[in-house]
Structure formats: C-alpha cells, structure tokens
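Residue strings, one per chain:
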Amino acid sequence: MGENGGTPSDDKATSKPRSKDRPSDLELMKERFSKLLLGEDMSGHGKGVSSALALSNAITNLAASVFGELKRLEPMPTERKAMWKREVDWLLSVTDHIVEMVPEQKSIDGNLMEVMVTRQRRDLQMNIPALRKLDAMLIGALDNFKDQKEFYYVSADANDTRGEKWWIPTVKVPPNGLSEVIRKWIQVQKDSVNQVLKAAMAINAQILSEMEIPEDYIESLPKNGRASLGDSVYRSITVEYFDPGQFLSSMDLSSNHKILDLKNRIEASIVIWKRKMNNKDGKSAWASAVSMEKRELFEERAETVLLIIKQRYPGLDQSQLDVSKIQFNRDVGHAILESYSRILETLAYTVLSRIEDVLYADSLTQNPALASCRRSPLRSSELDPLNFPNPKEEIEKLSAGPTQSMTLSDFMGWNLEKEDEEKKDSWGKSEEPLKDEGRTITKLANIITNKKVSYLEKLENPGGLRSPTGHVW
C-alpha cells in the first residue's frame, strides 16, 4: 500500500519519473554523511581525517562542484542552485547539535530556580545566520543580471593576449559604452558585493584567529625573526622610522607567488616574536636577546603590514599558517564557520572580478589608453590599513544602501522615483532659507543614526532598510 492508502501502482503513476542514473536525495545524503563518518577513508581502516577536517573539505568541495570558476555575470542554473542550497543545508545541519550549557531561570513547584540548559554554541548562533544571508545575497546578485542586455560575452580565444585570464570569456559592450543607467546600476551591484566580501573576510579572519597554532607549524619555524624574514626584509621592518606603505613599495610584489611568500614570512616572524615575548625564563631556544619593547614594536609593525596585504590582495591563496590551522583543527564548529566564510569570500571576490571586467570594457570605450593600467577589484576601495574589517560592523553596513538585491528594472524604477523626489525637493526648498536646509538634514541624520538595531535584526529584514577574496576551492 502507498502512504495515502493507494496501491503501489497508484504511487508509481502519480510520482514524478526519476532518471535511473540520478540518485535520490536520501541516497545522496547517505553518501555524504558516510564519507564524513569514515573521515574520507573509504577503506574503513580508521586512517581517515578528523571530523572537523572532513566537514571543511566537504563544504569546500561542494562549492567547487557548484560554482567552479565563475566566468560570466549571469544567474546560476536552477538545478545547480537547488543542489547548493540542499547540500549545504545538510552540512550546516551539524551546527544545530553543537551546544553549550547555560544557566536559565525556571519555576519548579512555585519556586524560582536556576537550572542548566543547552543552547546552540554562541559563535555558531551569531555567525551561521549571517553567513547564510551573505550566501543568499551573492546568489541574488548573480540573478540580478538576467535582465541586462547591454553587454555580452564572446568565447575565449587560445591566442588571447590577456595573460593569466585568457580562458575567461571577453566582455563586449556597445561602441559608445554602457548607458548611464546601466553604468550606475552595475556600480550599485559592485558596492553591494564588495560589502559582502568584506563581511566574509572579517568573519573568516576572526575564526582563523581563534584557532590554535599547531605544534607542527611551530616546530618548522626558525628560531628568530631575522632568519624567517631574511636580512633585507628584517632591516626594513626594524628601522628607526618605519612606514608600512613605503615598506611594501620597496618589496617585489610582481606576482601572487611573491606576495604569498612575503605573507608567509611575515606571519612566521609574528609567531616567533610572540613566543619570544611570552618566554619568561630566557633559557629556552625561543629566548631573545632583543629587549621586550623592541620586540613588541617589531611585532606591531609586522601585523600592520600583514593587514595591508590581506586587504590589498583578497584573492591570494591561503598562507602556510592558515592551511596548518585548518589541517590540525579539531573544533567542528570552527571548521564549518571557517570553510563556509572562506568559500563565500572566494565567490564574492570572483563576482567582483567579473563586475570589474565589465566596467573595464566600458572604460576602454571612453579612454583606450586605460588598457595598460587595469586595477584589482578592491584596489580602488577605500580601505584603512590599520582597521581590518570587523564582522559585526561590516554586516551592519550591508543595510546602508538602496536595497540588498536590486534588479535592473527595480533600479530603473527607483532611479526615476529618486529624480522625481529631487525635483520636488528643489521646488519645495526654493522658498526656505538655505541655513534651515543644513539643519533639517542634520536632524534627519541623527534620527537614523541613533536608532539601535542589532546586525542580526538588520539581516532578517533587509527589504525595509537601505543598502547599496586565491583561496582553496
């Protein structure tokens, strides 16, 4: 009998036909979680990786299979979008069962008593909803490009002279460039995705900073910062008057490999100097002959340079320290947060790069001389090298512009409404003293600024508020 009392033949008649080669969702879920339980060791001999690393790899590999290398600004195929949502939900469901004990007031037989209850771990409770929102915003950003008709792509040519990006389809725009409306709309999309990128970067950096540094990594380090940095870099960091911008301008940063090498050496020196500062007896191999004050100064300078590198080059591969932390991490919650934020950071950076491709093609129609001075997607962003993005602050900023997900038709309607409002305002203000205008604007700004809304509340209600980095795949 079927579930509703019908015969098996009735069930077969009413059910959707399924391809013989396509497994059911239940079979797929069994396969995914079997691999997780086996730690990716399909022999079953118990030589697999930890649960944390297995989950991290599963999220990374899922993103690679769904997104691959995004080459065009266009909506994802419906089937792939559904696959991503379904399977990432399976993997994230593990976090529902990672809990902590917290005190709670309860009334028992009329007496108020404090008992210990379980709730989802606080870092997961805060970050998983935020990352899901960033995820949805990125998928929505790609969906927004379905209505545009002004730019298109031509297949990559093996004889293309673009160097590393020769396989990426070439963007074509009208001979006179994009229309003003399309250009403004694309800039809105870029600003929104850029904010998502910074939020994902901030969350990922925070999680990595909370992971322990593995002993294997520490044992591989030289015993002093000079040996790690090299004489030339060490002298540049330990000079009396240090300028981080000037320091980086003197370094060879002509390729991603050289940038990553510098990042690895700086991170290693920071770990070495911190261990020397924490060494109290002065007898171990980590003891330092340099004073504590100078050691702390050198470490602060290195940290500043490292932040600038992370902000200027968000598309870099992971450093040796980050890879080591992920490999030896045993905290399942940290593993899920790190991998999920990392793949969203990578996806946001890729979408931003594709948007930059369109803007670059448009700029060439206005000034062909720009062909030799292409910029990184984030190079034009206003970044403070001494203030790395904070997760809460960056997610709050996502509610600061016109709308989180604005299609072209939405933008055109919004743009017309805005112009009408500006005309009305110009007529209405013509009879008012000029000094009152500034006072009115200030008062409105104060009303908006003083309203306290948590970043999670803003994420849950994006529609009612205004709103406008190479990794392991």
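Residues numbered from 1 in each chain as written. Predicted model: local features only at pLDDT ≥ 70, side-chain atom pairs only at ≥ 80, totals over all residues. Heavy atoms only, no water.

1. Here's the deal with the overall build of the protein
Next up, step 1: Looking only at helices and strands, the protein features 18 helices and four strands.
Next up, step 2: For the protein, the residues scored as buried account for 41% of the 473 residues in total.
Next up, step 3: As presented, the protein carries roughly 27,100 Å² of accessible surface, and 51% of it is formed by carbon and sulfur atoms. (Helix = DSSP H or I, 4+ residues; strand = E, 2+ residues; numbered from the N terminus. Buried < 20%, exposed > 50% of the residue type's maximum accessible area, 1.4 Å probe, protein only. Areas by Shrake-Rupley, 256 points an atom, 1.4 Å probe, with all protein chains shown as cover.)

2. Structural notes on the pairing of strand β1 (residues 99-108)
A regular strand places its side chains on the two faces of the sheet in alternate fashion.
Next up, step 1: Bridge analysis of β1 against strand β2 (residues 111-120) gives 10 bridges, and the strand direction is antiparallel. Paired with Val99 across the strands is Gln120, a residue of β2.
Next up, step 2: In sequence, β1 turns back onto β2 through a hairpin of two residues, with Asp109 there showing a positive phi of about 55°. (Pairing = 2+ DSSP bridges.)

3. Quick look at the pattern of salt bridges
Next up, step 1: Per the counting criterion, the structure on display carries 17 salt bridges.
Next up, step 2: Put simply, Lys274 and Glu303 hold a salt bridge, and the shortest N to O gap is 3.3 Å. With a gap of 29 residues between them, Lys274 in helix α11 (residues 256-278) and Glu303 in helix α12 (residues 292-312) connect regions that are remote in the sequence.
Next up, step 3: Its relative accessible area of 25% is what places Glu303 among the partly exposed residues.
Next up, step 4: Within the structure, one salt-bridge network assembled from shared partners comprises Lys85, Asp89 and Arg132. (Salt bridge = Lys/Arg side-chain N within 4 Å of Asp/Glu carboxyl O.)

4. Observations concerning the nonpolar core
Next up, step 1: Leu73, Trp84, Phe151 and Ile186 are the most contacted members of the largest nonpolar core, which has 60 residues in total.
Next up, step 2: For this core, the elements supplying multiple residues, two or more each, are α3 (51-67), α4 (78-92), α5 (122-143), α6 (180-210) and α14 (332-366).
Next up, step 3: Core analysis: the second largest hydrophobic core is formed by 22 residues, Ile259, Leu262, Trp273 and Ile308 among them. (Core = buried A, V, L, I, M, F, W, Y, C linked by side-chain atoms within 4.5 Å.)

5. Quick look at α14
Next up, step 1: Between its first and last C-alpha atoms α14 spans 51 Å; for 35 residues at 1.5 Å apiece the expected length is 51 Å, and the two agree.
Next up, step 2: For α14, a buried count of 30 out of 35 residues is recorded, marking the element as mostly surrounded by other parts of the structure.
Next up, step 3: The residue sitting at the N-terminus of α14 and contributing the capping side-chain oxygen is Asp331; that oxygen lies 2.9 Å from the backbone nitrogen of Gly333. (Expected span 1.5 Å × (residues − 1). Polar contact = N/O pair within 3.5 Å; in protein donor to acceptor, adjacent residues only side chain to side chain.)

6. Section: the packing of aromatic side chains
Next up, step 1: The final tally for this structure, using the stated rule, is seven aromatic pairs.
Next up, step 2: Relative to Phe247, the ring of Phe242 has its centre 5.9 Å away and its plane inclined at 50°; by these criteria the two rings are tilted.
Next up, step 3: For the ring pair Trp273 and Phe298, a centre distance of 6.0 Å and an interplane angle of 50° mean the geometry is tilted. Here Trp273, found in helix α11, pairs with Phe298, found in helix α12; they are 25 residues apart in sequence, far enough to count as distant.
Next up, step 4: What makes Trp273 buried here is its relative accessible area of 0%.
Next up, step 5: Clustering of aromatic rings is evident, with ring pairs tying together Phe145, Phe151, Tyr153 and Trp185. (Phe/Tyr/Trp six-rings, centres within 6.5 Å; stacked < 30°, edge-to-face > 60°.)

7. Topic: the packing of α5 against α14
Next up, step 1: With their axes 10 Å apart at the nearest point, α5 and α14 run at an angle of 25° to one another. The angle between the axes of α5 and α14 places the two elements in the roughly parallel class. By crossing handedness, the relation of α5 to α14 is classed as left-handed. Contacts from Asp123, Leu124, Asn127, Ile128, Leu131, Arg132, Leu134, Asp135, Leu138 and Leu142 in α5 reach Gly333, His334, Ile336, Leu337, Tyr340, Ser341, Leu344, Leu347, Ala348 and Val351 in α14.
Next up, step 2: Here the residues of the contact of α5 with α14 sort into 13 nonpolar, four polar and three charged. (Axes fitted to C-alpha atoms, helices over the stretch in contact; angles between N-to-C directions. Parallel < 35°, antiparallel > 145°, perpendicular 65-115°, else oblique. Left-handed = near helix turned anticlockwise from the far one by under 90°. Contact = heavy atoms within 4.5 Å. Nonpolar A, V, L, I, M, F, W, Y, C, P; charged D, E, K, R; others polar.)

8. A short note on the packing of α3 against α14
Next up, step 1: Two elements in contact, α3 and α14, have axes separated by 8 Å at closest approach and are oriented at 20°. The orientation of α3 with respect to α14, classified from their angle, is roughly parallel. Considering only the axes of α3 and α14, their crossing is right-handed. Side by side, α3 and α14 meet where Ser51, Ala52, Leu55, Ser56, Ile59, Thr60, Ala63 and Phe67 of the first sit next to Val332, Ala335, Ile336, Glu338, Ser339, Tyr340, Arg342, Ile343 and Leu347 of the second.

9. Examining the confidence of the model for the protein
Next up, step 1: Per-residue pLDDT for the protein averages 77, and the proportion of residues at 70 or more is 70%.
Next up, step 2: At the level of individual helices and strands, the protein shows its lowest average pLDDT in helix α17 (residues 434-450), which scores 33, and its highest in helix α13 (residues 320-328), which scores 95.
Next up, step 3: Here residues 1-17 is a poorly scored stretch, pLDDT under 50, and it has five contacts once near neighbours within four places are set aside; other chains count.
Next up, step 4: Segment residues 379-386: pLDDT under 50, and 14 contacts once partners within four positions in sequence are set aside and those in other chains are kept. (pLDDT = per-residue confidence, 0-100.)

10. Considering α13
Next up, step 1: For α13, every residue scored as buried is listed here: Leu321, Asp322, Ser324, Lys325 and Ile326.
Next up, step 2: At its buried positions, α13 is contacted by α3, α6, α7 (215-219), α11 and α14.

11. Digging into the environment of Ala54
Next up, step 1: Relative to the elements of secondary structure, Ala54 occurs in helix α3.
Next up, step 2: On the basis of relative accessible area, Ala54 is assigned to the buried category, the value being 2%.
Next up, step 3: The sequence separation of Ala54 and Leu37 amounts to 17 residues, and the corresponding C-alpha distance is 8.5 Å.
Next up, step 4: Apart from the residues within four sequence positions on either side, Ala54 is in contact with Leu36, Gly39, Glu40 and Val49.

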